[in-house]
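If you want the building blocks of each chain, they are given just below.
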Amino acid sequence: MHALQDDLQQEVVMLWHKDKDLSMFTTDDCIVLPGGFSYGDYLRCGALARFSPLMEQVINFANQGGKVLGVCNGFQILCEAGLLPGVLLQNDHQKFVCKNVFIRSDNPHNLIGKHVQDKVLTIPVAHGEGRYYADNNTLKSLKENNQIVFRYCQEDGSITSESNPNGAIENIAGICNKNRNVYGMMPHPERATSNALSNTDGRMILEALTLLN
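The text that follows walks through the structure, step by step, so that each part is easy to find.

What the protein contains, in helices and strands, is 6 helices and 9 strands. Taking 213 residues into account, the globule formula puts the C-alpha radius of gyration at 17 Å, and the protein, at 16 Å, falls close to it. Each principal axis of the C-alpha atoms in the protein carries an extent, and together these give about 45 × 35 × 35 Å. Split into buried and exposed, the 213 residues of the protein put 49% on the buried side. If you take every contact in the protein between residues at least 6 apart in sequence, the share linking residues at least 24 apart comes to 72%. Here the protein displays about 10400 Å² of accessible surface, and carbon together with sulfur accounts for 48% of that area.

Right, dumping it as structure tokens:
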């Protein structure tokens, strides 16, 4: 809320997970599922939150073309809800990771990608189950349909195993659905929108969804 409302000067309406009405929003709006630890993540990250009353409305909103962004736990929930393919698994080193990472997009075929194409962004990550995984057929489909939005990289933009903070398959940090209106990413752009934190790289990501209609 702070990043969108105070740093990007966007109108923000807070929603509760038990809400059931999204009729006040249009497909020009964007629903954001933030990071956190929904239901304590005691079962599987996002597995319980997927059944919150609001999620059925979010699914309907997305199926009607509304823009949806899931960050970290929000990304996990979108995968559990079937709005995005694949799954987020425990980090390969089995430790919680909290640090700045570099990501880049070489995919101009979506709202975010064409806004930040070929830019190396510094964005924080904070997760214990952020290792994106998809089977071979799903991965093939993601590539064929240009659904890979972000990959972890080095500062110079090179894709290496050393730049991968969690063991994600092919360094994938973010994806979108085939219709390019639902996005999920593990890094936290909302934590990189303030001059006070000396990092505003996240603004470009959020602007792509809030300013480009």
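Within the open sheet, the 7 strands sit side by side as β1-β2-β9-β8-β7-β4-β5. Their pairing is mixed. At either margin of the open sheet sits one strand with a lone partner, and together these are β1 (30–33) and β5 (120–127). Along the sheet, successive strands turn relative to each other by an average axial angle of 25°, direction set aside. The strands touched by helix α3 (residues 73–80) are β1, β2 (67–71), β8 (172–176) and β9 (182–185); relative to β2, the strand with the most contacts, the crossing angle is about 120°.

So, on to the pairing of β1. Each regular strand carries side chains that alternate between the two faces of the sheet. Across the two faces of β1 the burial differs, with I31 and L33 buried and C30 and V32 not buried at all. Pairing geometry for β1 and β2, over 4 bridges, is parallel. Directly across from C30, in β2, lies its bridge partner K67. In this fold, β1 hands off to helix α2 (residues 53–63), which returns the chain to β2; that crossover is right-handed.

The next subject is the pattern of salt bridges. Charged atoms that come close allow side chains of opposite charge to pair. For the coordinates displayed, the defined rule picks out 6 salt bridges. The residue R50 makes a salt bridge to E56 at a minimum N-O spacing of 3.0 Å. Residue E144 pairs with K140 through a salt bridge whose shortest N-O separation is 2.5 Å. Taken as a pair, E144 and K140 lie in helix α5 (residues 136–144) at a separation of 4 residues, close to a single helical turn. The exposure class assigned to E144 is exposed, which follows from its relative accessible area of 53%. Under the relative-accessibility criterion, K140 is labelled partly exposed at 47%. Salt bridges here are not isolated pairs; linked through shared partners, they connect K143, R151 and E170.

We now examine the side chain of Q147. Mapped onto the secondary structure, Q147 falls in the loop between α5 and β7 (148–153). For Q147, a relative accessible area of 2% corresponds to the buried category. Here the side chain of Q147 touches C176 through a polar contact of 2.8 Å, landing on its backbone oxygen.

Here the focus is the side chain of N164. With respect to the helices and strands, N164 occurs in the loop between β7 and β8. A residue is classified by how much of its surface remains accessible, and N164, at 15% relative accessible area, is buried. For N164, the side chain forms a polar contact with the main-chain nitrogen of G167, separated by 2.9 Å. In contact with N164, not counting residues within four places along its chain, are Y152 and N171.

All right, on to α2 then. Where α2 is concerned, the buried positions are L54, M55, V58, I59, F61 and A62. Along the axis of α2, the buried positions cluster into a sector of 160°, meaning they face one direction only. Tucked inside the fold, the buried residues of α2 contact β1, β2, α3 and β9. Immediately beyond the C-terminal end of α2, within one or two residues, lies G65, with a positive phi of roughly 100°.

Another aspect to go through is unusual backbone geometry. Note: most peptide bonds trans; most residues except glycine with negative phi. Residue Q94 is not a glycine yet carries a positive backbone phi of 60°. Mapped onto the elements of the fold, Q94 is located in the loop between β3 (87–89) and β4 (97–104).

Calculation notes
Residues numbered from 1 in each chain as written. Predicted model: local features only at pLDDT ≥ 70, side-chain atom pairs only at ≥ 80, totals over all residues. Heavy atoms only, no water. Helix = DSSP H or I, 4+ residues; strand = E, 2+ residues; numbered from the N terminus. Rg over C-alpha atoms; globule rule 2.2 N^0.38 Å. Buried < 20%, exposed > 50% of the residue type's maximum accessible area, 1.4 Å probe, protein only. Contact = heavy atoms within 4.5 Å. Areas by Shrake-Rupley, 256 points an atom, 1.4 Å probe, with all protein chains shown as cover. Pairing = 2+ DSSP bridges. Axes fitted to C-alpha atoms, helices over the stretch in contact; angles between N-to-C directions. Right-handed = clockwise from strand over helix to strand, strands pointing away. Salt bridge = Lys/Arg side-chain N within 4 Å of Asp/Glu carboxyl O. Polar contact = N/O pair within 3.5 Å; in protein donor to acceptor, adjacent residues only side chain to side chain. Arc of directions from axis to C-beta.

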